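# Descriptive analysis of the structure
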Amino acid sequence: MLTRRRLLVALGATAAALLTGCGRSDDTPTLQRIRRSGVARVAIAGEQPYGFSDASGRITGESPEVARLALRAIGVDGIDAVQVPFDKLIDTLLAGDADLVAAGMTISPDRCARVAFSRPDFVAQPAFLVRRGNPLGVRTFADVRGRVRLGVLDGSAEQAWAAASGVPGDAVSAYDGQSTLVRAVADERIDAAVLTRISLLDELRRNPGWRLEVTRPFHVTIGGREVVPAGGFAFRREDADLVAAFDEALTAAQASGEWLRAASPFGFTGANLPPGSLTTAALCAGTG
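Values in this document were obtained by computation on a predicted structure and should not be read as measured data.

Attention shifts here to the overall build of the protein. Helices and strands together make up the secondary structure of the protein, namely 11 helices and 15 strands. What you see for the protein is a C-alpha radius of gyration of 21 Å, in line with the 19 Å of a compact globule of 288 residues. With respect to the principal axes defined by its C-alpha atoms, the protein has extents near 70 × 55 × 40 Å. With 288 residues in all, the protein has 49% of them scored as buried. Accessible surface for the protein amounts to roughly 13,400 Å². Of this, 52% is attributable to carbon and sulfur atoms. Of the side-chain charges in the protein, 32 are positive and 32 negative, and the distance between the mean point of each set is 3 Å.

An order of S10-S9-S11-S8-S12 is seen for the 5 strands of this open sheet, with the pairing classed as mixed. Where the open sheet ends on each side, the last strands, each with one partner, are strand S10 (172-175) and strand S12 (212-214). Mean inter-strand twist for the sheet, computed between neighbouring axes without regard to direction, equals 30 degrees. Here strand S8 (residues 126-131) pairs with strand S11 (residues 192-196) via 5 bridges, running antiparallel.

Moving on, we get to the pairing of strand S9 (residues 150-153). In S9, alternate side chains face the same way, and those of Leu150 and Val152 on one face and Gly151 and Leu153 on the other are all buried. In this sheet, S10 lies alongside S9 in parallel orientation, the contact comprising 4 bridges. Residue Leu153 lies in a different strand from S10, and its bridge partner there is Tyr175. Since S9 and S10 lie parallel, the crossover through helix H6 (residues 157-164) that links them has a hand, and here it is right-handed. As paired elements, S9 and S11 share 2 bridges and run parallel to each other. What sits directly across from Leu150, in S11, is Ala192.

Looking at the largest pocket, its volume works out to about 620 Å³. Forming the boundary of the largest pocket are 29 residues, of which Ser108, Pro109, Asp110, Ala160 and Trp161 lie nearest the centre. When contributions to the lining of the largest pocket are tallied by element, the ones reaching two or more residues are helix H4 (89-94), strand S5 (100-106), helix H5 (109-112), H6 and strand S14 (225-226). Sort the elements by how many residues they give to the lining of the largest pocket and H6 lands first, with 5 residues. Of the residues that constitute the lining of the largest pocket, the class distribution is 15 nonpolar, 8 polar and 6 charged.

Here the focus is helix H3 (residues 62-73). Relative to the 16 Å expected for 12 residues at 1.5 Å per residue, H3 spans 17 Å between its end C-alpha atoms, a close match to the ideal helical length. Among the 12 residues in H3, 10 count as buried, and that is most of the element. Buried within H3 we find Glu62, Ser63, Pro64, Glu65, Val66, Ala67, Arg68, Leu69, Ala70 and Leu71.

Below, the discussion takes up the packing of aromatic side chains. Summed over all chains, the structure comprises 10 aromatic pairs. Ring geometry for Phe122 versus Phe268: centroids 5.4 Å apart, planes at 70 degrees, classification edge-to-face. Highlighted residues: Phe122 in strand S7 (residues 122-123) and Phe268 in the loop between helix H10 (258-263) and helix H11 (280-285), separated in sequence by 146 residues. Where Phe128 meets Phe218, the ring centres are 4.8 Å apart and the plane angle is 5 degrees; that geometry is what we call stacked. Of this pair, Phe128 sits in strand S8 while Phe218 sits in the loop between S12 and strand S13 (221-222), and the two are 90 residues apart along the sequence. One exposure class covers both Phe128 and Phe218, and it is buried.

Below, the discussion takes up empty space enclosed by the protein. By rolling a water-sized probe across the atoms, one finds the places where empty space is left. One pass over the full model with this rule turns up 2 cavities of 30 Å³ or more. Taken as a whole, the largest cavity spans an internal volume of roughly 210 Å³. If you trace the largest cavity, you find 21 residues lining it, with Tyr50, Phe86, Ala103, Gly104 and Thr196 closest to the centre. Residue assignment for the lining of the largest cavity shows that the elements contributing at least two residues are S5, H6 and S11. Here the lining of the largest cavity gets 4 residues from one element, more than from any other, and that element is S5. Split by residue class, the lining of the largest cavity holds 11 nonpolar, 7 polar and 3 charged. Counted as a void, the second largest cavity has a volume near 40 Å³. As for the second largest cavity, its lining consists of Val130, Arg131, Asn134, Pro135, Leu136, Val138, Val148, Asp191 and Ala192. Per-class residue counts for the lining of the second largest cavity are 6 nonpolar, 1 polar and 2 charged.

A few words on the side chain of Glu65. Within the element layout of this structure, Glu65 appears in helix H3. Relative accessible area serves as the criterion here: at 15%, Glu65 is assigned to the buried category. A polar side-chain atom of Glu65 sits 2.5 Å from a polar atom in the side chain of Arg58. Discounting chain neighbours no more than four positions away, the residues touching Glu65 are Arg58, Ile59, Thr60, Ala262 and Phe266.

For the rest of this paragraph, the subject is the confidence of the model for the protein. Parts of the prediction with low pLDDT should not have their coordinates interpreted in detail. In the predicted model, the protein carries a mean pLDDT of 91, and 91% of its residues have values of at least 70. In the model, residues 1-22 has pLDDT below 50 throughout and makes 5 contacts with residues more than four positions away in sequence or in other chains.

Rules of the game
- Residues numbered from 1 in each chain as written.
- Predicted model: local features only at pLDDT ≥ 70, side-chain atom pairs only at ≥ 80, totals over all residues.
- Heavy atoms only, no water.
- Helix = DSSP H or I, 4+ residues; strand = E, 2+ residues; numbered from the N terminus.
- Rg over C-alpha atoms; globule rule 2.2 N^0.38 Å.
- Buried < 20%, exposed > 50% of the residue type's maximum accessible area, 1.4 Å probe, protein only.
- Areas by Shrake-Rupley, 256 points an atom, 1.4 Å probe, with all protein chains shown as cover.
- Lys, Arg positive; Asp, Glu negative; His and termini not counted.
- Charge placed at Lys NZ, Arg CZ, Asp CG, Glu CD.
- Pairing = 2+ DSSP bridges.
- Axes fitted to C-alpha atoms, helices over the stretch in contact; angles between N-to-C directions.
- Right-handed = clockwise from strand over helix to strand, strands pointing away.
- 1 Å grid on protein atoms, 1.4 Å probe; cavity = no way out; pocket = protein on both sides within 12 Å on 5 of 7 lines; lining within 4 Å.
- Points joined across faces, edges and corners; volume = space filled by probe spheres on them.
- Nonpolar A, V, L, I, M, F, W, Y, C, P; charged D, E, K, R; others polar.
- Expected span 1.5 Å × (residues − 1).
- Phe/Tyr/Trp six-rings, centres within 6.5 Å; stacked < 30°, edge-to-face > 60°.
- Polar contact = N/O pair within 3.5 Å; in protein donor to acceptor, adjacent residues only side chain to side chain.
- Contact = heavy atoms within 4.5 Å.
- pLDDT = per-residue confidence, 0-100.

Pasting the structure below:
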């Protein structure tokens, strides 16, 4: 039987273990810590083809594989992953439970207000997943207003773009995962889903029996300015030295062809390489 004193000791030990096992347990700079341990913790959302676990349990996808390239170049040979819903990725990072987000996250002004981003990793235009033949003629957000039930990934750039493009909130359903979003179109609970075209084509490749199709990519214009849909890796703002080292390695991988070799198995081509003139600063300012 536990006495009151023994119970308090047990609870204290449990709390200490939780504090040690989760988040940041000391003030060692992240770059120094991950170089010393040889392992970086990446946050993923379990969404193909950006960041997921394969059948063997290996963490893979475009973002983890490119992260491996860059991290290896700065002296970090391994990655561990924590998987959370897409809309919890930044919270997980800021809580100290991951060292970076490797999930194909679009660089946007709102997100830049909370975290630091790497240089652009890729550019990927959005598209719609619709029933075969596209009976409602959905091609842009203008086609959605008032007559189409649209599905979005909760916390995604596409969700924000739809709202900024005037799509009524009552016409939009948010889903916490890519697979549930796509399944909603297949089950006719919604008329269309919007994601990067790469994501949607990957879903159809893995589900060839679905009577669905992916539209052509489309451009998003908000406030008279075309949005550049560029993805990157997110870091805590205080980890500026890690961001700088990671950026140098990512730039080299993009120039050498290593980036394309790592990304191409996931549907990326040279067309997805960001132009050299595109900067994170411009994307964060909304002028990219």
